[in-house]
Every structure is written in structure tokens, then in C-alpha cells.
Amino acid sequence: MEQFQMDSAEAQPPFLSIVLPVFREGRHLPAFLTAVRSSMGKCNLPYEVVLVDDGSPDETWQVIVEEAKRSQGLRALRLSRNFGKESALCAGLEHARGNAVIAMDADGQHPPSLIPDMVRQWQTSGADIVEAVKRGRGRESLSNKLGAQLFYFILNKLSGFHFKGASDFKLMNRKAVDAWLKMHERNVFFRGMTIWMGFTTVQIPFEVVPRSAGHSTWSALKRLKLALIGITAFSSFPLHLVTFAGVVFLVISVLLGLETLYLKLVGRAVSGFATVILLELIIGSLLMISLGIIGEYLARIYEEVKGRPRYIVTESIDPDE
Ligand code: UDP
Ligand code: MG
């Protein structure tokens, strides 16, 4: 385990940061923070809580300001608009000061009671990342469940990394966080990027509990967008698929061409209406899908080359000030 080099000569106990992206979670945030604090109390380590308000339109920021007045060690950032959970996580990781950082959801689905276990694993196993792995997916709609299964199936097959049960509930040591922050892409996929880094990881299983209050703000469209980012960021296989389909159709077209020529020469070139229509339809849809796939990658490249910041902070609370 690495020890943090402090300015003072004496060794300090490791310092922990808990990063929580929050979007419209104000109402149950105080109760959640109390649960986090009581779990941290069991660890007996100094810590800070880093709250990132992802542009919540409701009273979330006021709740955070009130919390900061009442308790010490609370760092908070307010993003100028809703940048999405992945960007909020980035902001939190960039501002966390700890020797280890725990990232978790602020809706209670990642139980704070698991924190002492994660910290113990980190301190005893010497692993760089302690990952909480979902045993079940909790209560979810069927479409979400099927969608997630299809997504992970495709991602596992295409990327070669193992994503099953992966969640955003993780402890990363300073080495892993610094390495993560060196990845400057705008299309962030937190889970995938941590797995990609390949540091030694221990896993702790956990059961996803129902949300403590409110409802998930991830629409089907948002999930699909993240899925597309995950797939395009971790595999270029769909692009090769376009080439592959092209080759298959070239072979078929040579065969069909020869047949057509032969029929023409022997004077038997009769009605082939169905064939023509079918070919039109197949080739037309293949072309469009191919263009779409290329467009997906192009969009990612476009977003990356613009080089915009991943998030913008409008207000912040710094406990050191
Ligand atoms: N979240 C966020 N920005 C968003 C949506 C969600 O920071 O645009 C946070 C949210 O506050 C919570 C976590 O991401 O802490 C998980 O969100 P949610 O529970 O809505 O997702 P689910 O658990 O349904 O995947
Ligand atoms: Mg949730």
C-alpha cells in the first residue's frame, strides 16, 4: 500500500475522499450523508465528502450549502448545468484530495454500510481498486434489465473486457485516480475506463437496494447514449463490421452478376422484379446502417477534437477556506 507523502515529517493516517454526484437528490441527501458519516465513523480515518451538484434545477444546492455550514470536511461543487453523471464524477475525482477515493451514487442504492469493508480490503489486500460488484440489479423495469444485459453482452464480446456486474461504486487509491485523470476523453465511461486501466482489483459483492427516495433520472435515451459511448469508446469492431458486410456483398454481387450475364447471353433474361426489390432493400438498409455506424464514431471524434472542458463549475465550497 502506498503512503501519502505529507509535508510534516510524522506519518499521517491515510485520508479518504467520498465522491458523490448528485442530481435532484436534495430531499434525502441529509439522511444519506448521515449514513455515510456513521459508516466512516467505523473506519476511524480522516475523510472528506465531495459533493458534485450536477446542475440540479431544484433545491439540492441549498441543501448542500446548509449541510456544509453544519458539518466540517464537506467539499462541494456546483456545475453550471446538467452535464451527466459521468462528467459529475470527473469533477468529483479531480477535486478529491484523498489518498483513496470512493465513488458512489447518492441515492442510497450503493449502501454506505459497505464502506468499512471496502476500506479494510484496500488496507489489507494492497489492491489499487476495490470494486463493489452488483450481485443482482435490484428492482428495475424489464426493459432496463434486458437493455443492460444486451449492452454488457455486446460490450464484453467487442471489447474483450469483463464488465458483468460492474458498477460505479468503487474505491480507488491515489495511483489509480491519478492514472484515471490522465485520460482526457470527453466521452467518459467511468466503469469502462477503470477496468481498462488494468490495476489490481479486489471485488466485493453487494446487493443493489431500492432508491431511498425520488426516482431515477436516467431516461431510456440517456442510457442508450451511455451505451453507445461505452461501445464506441471500447471497440472499433462495428467499423470493421461495415467492411465485412461490404466484402460479403461483393462476393454475392459477383455471383449474381455472372448469373445475370449468362441469362442475358442465352436470351432468358426474364422478370426478376422480386430479386431487384429485395436487393434494393437489403443494400439500402445496409448502406444506411453503415453510414450510421461511421457517423457514431465521427460524432465521438468531433466531440473529442473540440476539446471543450468536461464540465463547468459555477459555485464551490472549499472546507480549507
Ligand atoms: N446523477 C447525476 N447526473 C445525472 C443523473 C444522475 O449526477 O444527470 C447521479 C444521481 O444523483 C445519483 C447517481 O447519478 O447519485 C445515479 O443516478 P440514478 O439513481 O438516477 O441512476 P440509476 O441508479 O437508475 O442508474
Ligand atoms: Mg440509482
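What counts as what
Residues numbered from 1 in each chain as written. Chains lettered and ligands numbered in written order. Predicted model: local features only at pLDDT ≥ 70, side-chain atom pairs only at ≥ 80, totals over all residues. Heavy atoms only, no water. Near = heavy atom within 4 Å. Polar contact = N/O pair within 3.5 Å; in protein donor to acceptor, adjacent residues only side chain to side chain. Helix = DSSP H or I, 4+ residues; strand = E, 2+ residues; numbered from the N terminus. Nonpolar A, V, L, I, M, F, W, Y, C, P; charged D, E, K, R; others polar. Axes fitted to C-alpha atoms, helices over the stretch in contact; angles between N-to-C directions. Parallel < 35°, antiparallel > 145°, perpendicular 65-115°, else oblique. Left-handed = near helix turned anticlockwise from the far one by under 90°. Contact = heavy atoms within 4.5 Å. Core = buried A, V, L, I, M, F, W, Y, C linked by side-chain atoms within 4.5 Å. Buried < 20%, exposed > 50% of the residue type's maximum accessible area, 1.4 Å probe, protein only. Patch = residues over 30% accessible without salt bridge, like charges linked within 9 Å, V, L, I, M, F, W, Y side chains within 5 Å. Areas by Shrake-Rupley, 256 points an atom, 1.4 Å probe, with all protein chains shown as cover. Salt bridge = Lys/Arg side-chain N within 4 Å of Asp/Glu carboxyl O. Lys, Arg positive; Asp, Glu negative; His and termini not counted. Charge placed at Lys NZ, Arg CZ, Asp CG, Glu CD. Expected span 1.5 Å × (residues − 1). pLDDT = per-residue confidence, 0-100. Donors = N, O, S within 2.8 Å, 3.2 Å for Na, K, Ca; no water. Pairing = 2+ DSSP bridges. Arc of directions from axis to C-beta.

**A word on the site of ligand 1**
Close to ligand 1 lie 18 residues; Glu 25, Asp 54, Asp 107, Gln 109 and Ser 216 are nearest. Ser 216 places a polar side-chain atom, nitrogen or oxygen, 2.7 Å from an oxygen atom of ligand 1. At 2.9 Å, a side-chain N or O of Lys 222 approaches an oxygen atom of ligand 1. Secondary structure elements with two or more residues in the shell around ligand 1: β1 (16-22) and α8 (220-234). Of the residues that constitute the shell around ligand 1, the class distribution is five nonpolar, five polar and eight charged.

**What to know about the packing of helix α3 (residues 85-95) against helix α6 (residues 174-181)**
Here α3 crosses α6 at 125 degrees, and the two axes come no closer than 10 Å. One finds that α3 runs oblique with respect to α6. Crossing of α3 over α6 shows left-handed handedness. Judged by residue contacts, Cys 90, Leu 93 and Glu 94 of α3 engage Val 177, Trp 180 and Leu 181 from α6. Residues that form the contact of α3 with α6 fall into these classes: five nonpolar, no polar and one charged.

**Describing the nonpolar core**
Core analysis: the biggest nonpolar cluster contains 38 residues, and Met 172, Trp 180 and Phe 189 have the highest contact counts within it. At the level of secondary structure, the elements contributing two or more residues to this core comprise β2 (47-53), β3 (74-79), α3, β4 (100-103), α5 (142-159), α6, α7 (190-197) and α8. Sequence-distant contacts of Met 172, defined by excluding residues within four places in its chain, comprise Ala 100, Val 101, Asp 128, Ile 129, Val 177, Trp 180, Phe 190, Thr 194 and Met 197. If you look at the next biggest cluster of nonpolar residues, it comprises 36 residues, including Cys 43, Val 63, Val 119 and Phe 206.

**Considerations on a positive patch on the surface**
A surface patch of like charges, here positive, comprises Arg 81, Lys 225, Lys 306 and Arg 308. Among the secondary structure elements, Arg 81 is positioned in the loop between β3 and α3.

**A few points about the environment of Pro 238**
Turning to its location among the elements, Pro 238 is positioned in helix α9 (residues 237-265). The exposure class of Pro 238 is buried, given its relative accessible area of 14%. Put simply, Pro 238 and Leu 79 are 159 residues apart on the chain and 34 Å apart in space, counted from C-alpha to C-alpha.

**Comments concerning helix α10 (residues 273-306)**
Between its first and last C-alpha, α10 extends 48 Å over 34 residues, near the 50 Å set by a 1.5 Å rise per residue. Along α10, the residues classified as buried are Ser 290, Ile 293, Tyr 297 and Arg 300. Residues of α10 that are buried sit in contact with α8 and α9. Positioned one or two residues after α10, Gly 307 has a phi angle of 60 degrees, which is positive.

**Examining the confidence of the model for the protein**
In this model, the protein carries a mean pLDDT of 89, and residues with pLDDT of at least 70 account for 97%. This stretch, residues 1-9, has a pLDDT under 50; its non-local contacts, to residues over four places away or in other chains, come to eight contacts.

**Thoughts on the environment of Ile 18**
By the element assignment, Ile 18 lies in strand β1. According to the relative accessible area criterion, Ile 18 is buried, its value standing at 0%. In the structure, Ile 18 is positioned 135 residues away from Phe 153 in sequence and 31 Å away in space, judged by C-alpha atoms. Not counting the four nearest positions on each side in its chain, Ile 18 is found in contact with Val 36, Met 40, Glu 48, Val 49, Val 50, Ile 102, Met 104 and Ile 115.

**Points about the coordination of the magnesium ion (ligand 2)**
Ideal geometry at a metal gives 109.5 degrees between four tetrahedral donors and either 90 or 180 degrees between six octahedral ones. Surrounding the magnesium ion (ligand 2) are the protein donor atoms Asp 107 (OD) and Gln 109 (OE1), at 1.9 Å. For Asp 107, a relative accessible area of 4% corresponds to the buried category.

**Description of the sheet that holds β3**
Strand pairing in a sheet relies on backbone hydrogen bonds, with the paired strands running either antiparallel or parallel. With respect to topology, eight strands assemble into an open sheet ordered β7-β5-β6-β4-β1-β2-β3-β8, the strand pairing being mixed. Whereas interior strands pair on both sides, the edge strands pair on one side only; in this sheet they are β7 (201-206) and β8 (313-317). Within this sheet the neighbouring strands show an average axis-to-axis angle of 20 degrees, counted without direction. Sheet topology note: the β2/β3 ladder contains five bridges and is parallel.

**Here we look at α5**
Taking 1.5 Å per residue, 18 residues should reach 26 Å; α5 reaches 25 Å between its end C-alpha atoms and fits that length. When α5 is considered as a whole, its buried residues turn out to be Ala 148, Phe 151, Tyr 152, Leu 155 and Ser 159. Looking straight down α5, one finds that the buried residues subtend no more than 95 degrees of arc, so they occupy a single side. Exposed side chains of α5 directed beyond 90 degrees from the buried face belong to Leu 142, Ser 143, Leu 146, Gln 149, Leu 150, Phe 153 and Lys 157. Here the buried face of α5 lies against α7 and α8. Just past α5, the residue Gly 160 takes up positive phi, approximately 80 degrees.

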